Amino acid sequence: MDQATAAVLASAVAGFSSAAGAALGSVMAGRTAREQVDRSAQREKLTRHELVLEAAFSGFRDKVNEAISALHDVAQALADDQPVTEAPAKKAYVAAYASFHADLWSSGQMEVIEAAGAVCRHLDVGVAAIGALVKRPHEAKDPESQGMQHWGSCLGDISNAYQTTSRLMGEVLRRT
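All values reported here derive from a predicted model rather than from experimental measurement.

Student: Which residues make up the overall build of the chain, and what values go with them?
Tutor: If you tally the helices and strands in the chain, you get 6 helices and 0 strands. Reading the chain from its N end, one meets helices and strands in the order α-α-α-α-α-α. Residue burial in the chain is summarised as follows: out of 176 residues, 42% are buried. Taking contacts inside the chain between residues at least 6 apart in sequence as the whole, the part at least 24 apart equals 75%.

Student: Now, about helix α4 (residues 87–104): what can you tell me, with residues and values included?
Tutor: Taking 1.5 Å of rise per residue, the 18 residues of α4 would be expected to cover 26 Å, and the 25 Å separating its terminal C-alpha atoms lies within 8% of that figure. Taken as a whole, α4 has its buried residues at Ala 89, Ala 92, Tyr 93, Ala 96, Ser 99, Phe 100 and Leu 104. In a view along the axis of α4, the buried residues occupy a sector of 115 degrees, so they form one face of it. Opposite its buried face, α4 presents the exposed residues Lys 91, Val 94 and Ala 102, each directed more than 90 degrees away. Those residues of α4 that are buried are in contact with α3 (48–79), α5 (110–135) and α6 (146–175).

Student: Residues and numbers for the nonpolar core, please.
Tutor: Counting residues in each nonpolar core, the largest one holds 42 residues, and the members touching the most others are Phe 60, Leu 123 and Trp 151. At the level of secondary structure, the elements contributing two or more residues to this core comprise α3, α4, α5 and α6. Tallying contributions element by element places α5 first for this core, with 13 residues. In contact with Trp 151, not counting residues within four places along its chain, are Leu 71, His 72, Ala 75, Gly 126, Ala 129, Ile 130 and Leu 133.

Student: Give a description of the packing of α3 against α5 that names residues and reports values.
Tutor: Contact geometry for α3 and α5: axes closest at 10 Å, N-to-C directions at 15 degrees. The orientation of α3 relative to α5 falls into the category roughly parallel. Taken as a pair, α3 and α5 cross one another with a handedness that is left-handed. Here α3 contributes Phe 57, Phe 60, Val 64, Ala 67, Ile 68, Leu 71, Val 74, Ala 75 and Leu 78 to the contact with α5, which in turn contributes Val 112, Ala 116, Val 119, Cys 120, Leu 123, Gly 126, Val 127, Ile 130, Leu 133 and Val 134. Here the residues of the contact of α3 with α5 are counted per class, giving 18 nonpolar, 1 polar and no charged.

Student: Which residues make up the environment of Val 94, and what values do they have?
Tutor: Its place among the elements puts Val 94 in helix α4. Its relative accessible area of 52% is what places Val 94 among the exposed residues. Taking the C-alpha atoms as reference points, Val 94 and Leu 123, separated by 29 residues in sequence, lie 9.7 Å from one another.

Student: Give a description of unusual backbone geometry that names residues and reports values.
Tutor: Positive phi outside glycine occurs at Asp 81, with the angle close to 60 degrees. In this fold, Asp 81 is placed in the loop between α3 and α4.

Student: Describe the confidence of the model for the chain, with residues and values.
Tutor: Here the chain shows a mean pLDDT of 84. Residues at 70 or above account for 75%. Across the chain, the secondary-structure element scoring lowest on mean pLDDT is helix α1 (residues 3–14), at 56, and the one scoring highest is α5, at 96.

Student: If you had to explain the packing of aromatic side chains to someone new, which residues and values would you point to?
Tutor: Two numbers describe a pair of aromatic rings. These are the distance of the centres and the angle of the planes. Under the definition given, this model contains 4 aromatic pairs. Here the aromatic residues Phe 60, Tyr 93, Tyr 97, Phe 100 and Trp 105 are joined through ring pairs into a cluster of three or more.

What counts, and at which threshold
- Residues numbered from 1 in each chain as written.
- Predicted model: local features only at pLDDT ≥ 70, side-chain atom pairs only at ≥ 80, totals over all residues.
- Heavy atoms only, no water.
- Helix = DSSP H or I, 4+ residues; strand = E, 2+ residues; numbered from the N terminus.
- Buried < 20%, exposed > 50% of the residue type's maximum accessible area, 1.4 Å probe, protein only.
- Contact = heavy atoms within 4.5 Å.
- Expected span 1.5 Å × (residues − 1).
- Arc of directions from axis to C-beta.
- Core = buried A, V, L, I, M, F, W, Y, C linked by side-chain atoms within 4.5 Å.
- Axes fitted to C-alpha atoms, helices over the stretch in contact; angles between N-to-C directions.
- Parallel < 35°, antiparallel > 145°, perpendicular 65-115°, else oblique.
- Left-handed = near helix turned anticlockwise from the far one by under 90°.
- Nonpolar A, V, L, I, M, F, W, Y, C, P; charged D, E, K, R; others polar.
- pLDDT = per-residue confidence, 0-100.
- Phe/Tyr/Trp six-rings, centres within 6.5 Å; stacked < 30°, edge-to-face > 60°.

As structure tokens, this is what we get:
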């Protein structure tokens, strides 16, 4: 898992305030800029096939990161007594799922496809957990509540599946 996703997951589980989320966002933005410079240098060395795979994998990872961030934002808004629906999280989940089909399925890399499918399944459960919190927003304020415990468990499952998928993507890219 990349550091940005790990930070979002950590802040969600720890229940950091929105100010901490803003600081986290600025760190993630700086990291993204550095990664883009590093990736540009690496791209010069890659073949066309590698570029296609890298773009497919990167597209999926980006969509998953957006879905995780959207889920976290809903949970944080609920904890902060802000009015919110799970619609943005559902929309981001649908985009990640669409990327799974559009970007990864065509790659033909079955081990990556299977692992990414697990990410999508866990995101689906995470969306349901957030939906339940939206229906019972008082639970979002209590980290010990059943709803927040379930959400924390979902984050752990998403994180583990994402790590496995990212590792497999890296292995595939190194083999090509």
